[in-house]
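The primary structure of each chain is shown beneath.
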Amino acid sequence: AVGKTSLLRRFVDGSFKDAELPTKGTDLRAKMTNVDGEALRLILHDASSMLQLVERTWGQVFETFRDARCFLFVYDVSDVASFDAVEQYLLPTAPAKALKVLVGNKSDLPVPMVDPARAQAVAERHGMRHFETSARTGVNVAEAFLTLATDVKDRLLAGGGGTVSIFFAASFSSLHGEGDGVT
């Protein structure tokens, strides 16, 4: 588990649970935020994930979200396999023009296994911002989401407020709008 549900809980509720149950189906959360004086409603879809299914069904996932223009890719800094899955399966199939952010979670762990310089290089190669976060301590969680919200507002909503949906699944999440000019 990369900690996507814990990231959502920390961002939306400001809380953390040591023992988070795996998501089954889809959990929906919402958060109102203010970006440069504009109201922006974030709708967060936390979908269940099984890394072994990513390899088999990733094309189907992207087909479902082919019109998405923003993606938040989450990996566990203590698990090289989760980073490799993002790098090998998710990033190559994301639309080139999509807004993307790479988030390494669990930065509070004493010895990260994913080299931050490698993650930053991958992010730069794909034209993404990179954040290392800790859902446990809250470090950089709000910054990652609010930076993405600002980029969405500036690049995709043409300076206006609106609703933004964030879909979390596997080691990635997809950010897309519903009737708000983002799709």
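What you are looking at is a predicted structure, and each value in this text was computed from that prediction instead of being measured. (Residues numbered from 1 in each chain as written. Predicted model: local features only at pLDDT ≥ 70, side-chain atom pairs only at ≥ 80, totals over all residues. Heavy atoms only, no water.)

Visitor: Can you walk me through the nonpolar core in this structure?
Guide: Inside soluble globular proteins, nonpolar side chains tend to come together where they are buried. Among the nonpolar cores identified, the biggest contains 23 residues, and Phe11, Leu72, Val103 and Phe145 are the most heavily contacted of them. Going through the elements one at a time, helix 1 (4-13), strand 2 (38-47), strand 3 (70-76), strand 4 (99-105) and helix 5 (141-156) are the ones with two or more residues in this core. A total of 6 residues in this core trace back to one element, the largest contributor, which is helix 5. Ranked by size, the runner-up nonpolar core spans 16 residues in total, among them Val77, Leu90, Ala94 and Leu102. (Core = buried A, V, L, I, M, F, W, Y, C linked by side-chain atoms within 4.5 Å. Buried < 20%, exposed > 50% of the residue type's maximum accessible area, 1.4 Å probe, protein only. Helix = DSSP H or I, 4+ residues; strand = E, 2+ residues; numbered from the N terminus.)

Visitor: What exactly am I supposed to notice about the pairing of strand 4 here?
Guide: Working note: regular strand, side chains alternate between the two faces of the sheet. With respect to burial, strand 4 is a largely interior element, 7 of its 7 residues being buried. Here strand 4 shows no split at all, with Leu99, Val101, Val103 and Asn105 on one side and Lys100, Leu102 and Gly104 on the other all buried. Summarising the sheet, strand 3 and strand 4 pair through 7 bridges and their orientation is parallel. Directly across from Asp76, in strand 4, lies its bridge partner Asn105. Where strand 4 lies against strand 5 (residues 129-132), 4 bridges are found, and the strand directions are parallel. (Pairing = 2+ DSSP bridges.)

Visitor: Would you mind going over helix 1 with me for this structure?
Guide: Because an α-helix packs 3.6 residues into every turn, residues spaced three or four apart end up facing the same way. Counting buried positions along helix 1 yields 9 of 10 residues, so the element is predominantly enclosed. One or two positions beyond helix 1, positive phi appears at Gly14, with a value near 70 degrees.

Visitor: In this structure, what is going on with unusual backbone geometry? I would like to understand it.
Guide: Excluding glycine, most residues fall at negative phi; most peptide bonds, likewise, are trans. Phi is positive for Asp36, close to 50 degrees, though the residue is something other than glycine. Checked against the element boundaries, Asp36 lands in the loop between strand 1 (26-35) and strand 2. For Asp36, a relative accessible area of 59% gives the class exposed. A positive phi angle is found at Asn140, which is not glycine, with a value near 65 degrees.

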